[in-house]
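Close look at the chain arrangement
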Amino acid sequence: MLRALYISGTGMLTQMKHVDTIGNNISNANTGGYKRDRSVSVSFEDMLLNRIRDGSGQKAIGPLNLGIHMDEVITVHEQGPMEYTGKSTDLSINGDGFFAVETQNGERYIRGGSFFVNDEGILVIGDGYRLMGENGPIRPGTDDFIVEPNGDVYVNNVYIDTLRMVSFQDLNLLAKEGNLLFQNTGADDNIAVFTGEVVQGYLEGSNVDVTQELIQMMASVRNYDSNQRIIRMLDDTLNKTVNEVGRV
Amino acid sequence: MIRAFYAAASGMQAQQRSIEVRSNNIANLQTVGFKQSKASFSDLVYDSLIPAEDGKAGVSLGNGTRVDSIHRDFRQGNLIETGNPLDLAIVGKGFFVVDNGSGERYYTRDGSFKLSVEPQGIYMVSSRGDYLLDDGGNRIALPSDRGNMVIDRDGLIRDGETVVARIGIVSFQNPEGLEAVGGNLYRQTASSGEPEPIGTGTILQQYLEGSNVDLLDEMTALLRTHRIFQLNSRVVQTADEMEGTANNLRT
């Protein structure tokens, strides 16, 4: 009976994490370039119960499951909706791929966004990190520049540099770091040839589908409630066992 | 306490900020030389509970969203013909330079200038009374008889054949780094860079530059932002109910 108490407890804890993920998705439903997370929970491995001490030797009764836990949070790298802004510094990607950004912790990756040209004439993202080109930071010196679909940057029809564009073999190895940046936690050979195309003057919206999120939230909350109901029931039963059974 | 609660609260806060920015844009729909702003968001840091391994994503939970930056969009506004010879509009990049009388310089796209008749001379001033500066950084004094005065595309103020002054137009490497101080004025900051004079023809006389706010854009964005605000408040409510459920584990 105490086992059941803990099993229902794992149920409540896991559903809470589901709602945490959903809450984070919904709060980023308007965050351009955000990719939604999907949490996956799995049950603990089955435990085999054996009959002992009944004189017949050990005999298997059957498997018992000891609850559920959160196994993975998978980032869904689906394309978000493209919004036209017409601003030359608004860059995004159609298809697979990322822009490379130089940070103090090493190279990070971003899907796009409202970039700007800083006081040194270098193209930077909102936090001031520089956007990387094949030959170091991109320095257009003006916001009057053209980016070709393959990442070539032109100022006044003169070729400047090519943006460093990357794709990944295994997107599951990309860890979110906040500020819309991704970190490659895999080896360098996880980086693949860029297959998407750079689009200038567009912003990629968040790929969160609020209807789906709300439905999942309702399901998780109800599941949470059911687990709570079971715990209360078990508590009542334990109460009877401890206090009432055997009372004269 | 449940993370979703704070994540959704941060979402409400960020959407609220975005609504404020959009409302300011709409309020300035008719403001001469106004440039619209837009809030952009980014996600907050993630708590990594289980790191990723080969072929399997880890478990990391997010903490919500924040306003990353508020971008000012310096694209051209509509040109409005006024017929007033002291109304100027800049076509393309650049700012007028004005001086508030005590040596502080500001930059503006608002070209609705007036005259200020003072004992030392007749000066061109902005609606607030700030002095318009020429390309040398001096106040522009006009002759008392201005019957033949014209201002050409290069900003040269001519009275017949004689050139009175040349209006100073400057641009910045990073105009988004300018600080808006109200009254249609901007101030130079470390991130905007130094003002650089522009020489080419960019001035239109008898025109004003209208606001570059697109009402349709603002209204659709406002509707969407409002909806997402509501959704976030729904999550806060749900997280609260879950806390209540946990609280009722024992009666």
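Residues numbered from 1 in each chain as written. Chains lettered and ligands numbered in written order. Predicted model: local features only at pLDDT ≥ 70, side-chain atom pairs only at ≥ 80, totals over all residues. Heavy atoms only, no water.

Helix and strand counts for chain B stand at 2 helices and 21 strands. Computed over its C-alpha atoms, the radius of gyration of chain B comes to 26 Å, more than 25% above the 18 Å expected for a compact globule of 251 residues. Principal-axis analysis of the C-alpha atoms gives chain B an extent of 90 × 35 × 35 Å. Counting the 251 residues in chain B, one finds 45% classified as buried. Contacts in chain B between residues far apart in sequence, at least 24 positions, make up 64% of those at least 6 positions apart. (Helix = DSSP H or I, 4+ residues; strand = E, 2+ residues; numbered from the N terminus. Rg over C-alpha atoms; globule rule 2.2 N^0.38 Å. Buried < 20%, exposed > 50% of the residue type's maximum accessible area, 1.4 Å probe, protein only. Contact = heavy atoms within 4.5 Å.)

Within the chain, Asn157 of chain A stands out as a residue other than glycine whose phi angle is a positive 65°. Mapped onto the secondary structure, Asn157 of chain A falls in the loop between β15 (152-155) and β16 (158-162). The backbone phi angle of Gln206 of chain B is positive, close to 65°, even though this residue is not glycine. Note that Gln206 of chain B resides in the loop between β20 (203-205) and β21 (207-209). For Gln206 of chain B, a relative accessible area of 30% puts it in the partly exposed group.

Moving on to the packing of helix α1 (residues 2-27) of chain A against helix α1 (residues 3-27) of chain B. Between α1 of chain A and α1 of chain B, the least distance of the axes is 8 Å, while the angle of their chain directions is 5°. Overall, the two elements α1 of chain A and α1 of chain B adopt an arrangement that is roughly parallel. Counted together, Val19, Asp20, Gly23, Asn24 and Ser27 of chain A of α1 of chain A and Arg3, Ala4, Ala7, Ala8, Ser10, Gly11 and Gln15 of chain B of α1 of chain B form the full contact between these two elements. Partitioning the contact of α1 of chain A with α1 of chain B into residue classes produces 4 nonpolar, 6 polar and 2 charged. (Axes fitted to C-alpha atoms, helices over the stretch in contact; angles between N-to-C directions. Parallel < 35°, antiparallel > 145°, perpendicular 65-115°, else oblique. Nonpolar A, V, L, I, M, F, W, Y, C, P; charged D, E, K, R; others polar.)

Residues and elements named next belong to chain B. If you trace the 3 strands from one edge of the open sheet to the other, you get β13-β14-β15, paired in antiparallel fashion. Either end of the sheet is taken by a strand with one partner, and the two such strands are β13 (149-151) and β15 (162-166). For this sheet, the mean angle separating the axes of adjacent strands, direction not counted, is 25°. Strand direction decides the pairing type here: β13 and strand β14 (residues 156-159), joined by 3 bridges, are antiparallel. The residue of β14 that forms the bridge with Met149 is Asp159. (Pairing = 2+ DSSP bridges.)

Looking at chain A, the pLDDT average stands at 91 and 98% of residues meet or exceed 70. Within chain A, strand β2 (residues 47-51) of chain A has the poorest average pLDDT of any element, 80, and strand β21 (residues 197-200) of chain A the best, 95. (pLDDT = per-residue confidence, 0-100.)

Residues and elements named next belong to chain B. In this structure the tally under the stated criterion is 24 salt bridges over all chains. The partner of Arg3 in a salt bridge is Asp47, and the shortest N-O contact between them spans 2.9 Å. With Arg3 in helix α1 and Asp47 in strand β2 (residues 46-50), this pair connects stretches of sequence that are 44 residues apart. Taking the relative accessible area as the measure of exposure, Arg3 reaches 23% and is therefore partly exposed. (Salt bridge = Lys/Arg side-chain N within 4 Å of Asp/Glu carboxyl O.)

With that settled, consider empty space enclosed by the protein. Sizing a probe to match a water molecule and rolling it over the atoms shows the empty space that remains. All names here are of chain A. Applying the stated criterion across every chain yields a total of 1 cavity of 30 Å³ or more. The computed volume of the largest cavity comes to approximately 30 Å³. Surrounding the largest cavity, Arg36, Asp37, Arg38, Gln212, Glu213 and Gln216 form its lining. Those elements giving two or more residues to the lining of the largest cavity turn out to be β1 (37-43) and α2 (210-243). No other element matches α2, which puts 3 residues into the lining of the largest cavity. A breakdown of the residues in the lining of the largest cavity according to their chemical character gives no nonpolar, 2 polar and 4 charged. (1 Å grid on protein atoms, 1.4 Å probe; cavity = no way out; pocket = protein on both sides within 12 Å on 5 of 7 lines; lining within 4 Å. Points joined across faces, edges and corners; volume = space filled by probe spheres on them.)

With that out of the way, let us pick up the packing of aromatic side chains. For the coordinates displayed, the defined rule picks out 14 aromatic pairs over all chains. Between Phe98 of chain A and Phe182 of chain A, the ring centres sit 5.4 Å apart and the planes meet at 65°, which makes this aromatic pair edge-to-face. Here Phe98 of chain A, found in strand β7 (residues 98-103), pairs with Phe182 of chain A, found in strand β19 (residues 181-184); they are 84 residues apart in sequence, far enough to count as distant. The pair Phe98 of chain A / Phe182 of chain A is uniform in exposure class, with both members buried. Geometrically, the ring pair formed by Phe95 of chain B and Phe172 of chain B is edge-to-face, given 5.8 Å between the ring centres and 65° between the ring planes. Placement of the pair is Phe95 of chain B in strand β7 (residues 95-99) and Phe172 of chain B in the loop between β16 (169-171) and β17 (179-182), with a sequence separation of 77 residues. Taken together, the aromatic side chains of Phe74, Phe95, Tyr107, Phe172 and Tyr186 of chain B make up a single cluster linked through ring pairs. The ring centre of Tyr131 of chain B lies 3.8 Å from the NZ or CZ of Arg139 of chain B, which sits over that ring. (Phe/Tyr/Trp six-rings, centres within 6.5 Å; stacked < 30°, edge-to-face > 60°. Lys NZ or Arg CZ within 6 Å of the ring centre and 35° of its normal.)

With that settled, consider the side chain of Lys87 of chain A. Summarising the element assignment, Lys87 of chain A is placed in the loop between β5 (82-84) and β6 (90-94). Judged by its relative accessible area of 12%, Lys87 of chain A falls in the buried class. Beyond its immediate sequence surroundings of up to four residues, Lys87 of chain A is in contact with Gly201 of chain A together with His71, Arg72, Asp73, Arg75 and Glu176 of chain B.

Moving on, we get to the side chain of Asn30 of chain A. Among the secondary structure elements, Asn30 of chain A is positioned in the loop between α1 and β1. The class of Asn30 of chain A is buried, set by a relative accessible area of 12%. Among the polar contacts listed, one links the side chain of Asn30 of chain A to the side chain of Gln15 of chain B, at a separation of 2.9 Å. At 3.5 Å, the side chain of Asn30 of chain A and the side chain of Arg224 of chain B are in polar contact. Those residues in contact with Asn30 of chain A that lie beyond four places of it in its chain are Ser206 of chain A together with Gln15, Phe41, Arg224, Thr225 and Ile228 of chain B. (Polar contact = N/O pair within 3.5 Å; in protein donor to acceptor, adjacent residues only side chain to side chain.)

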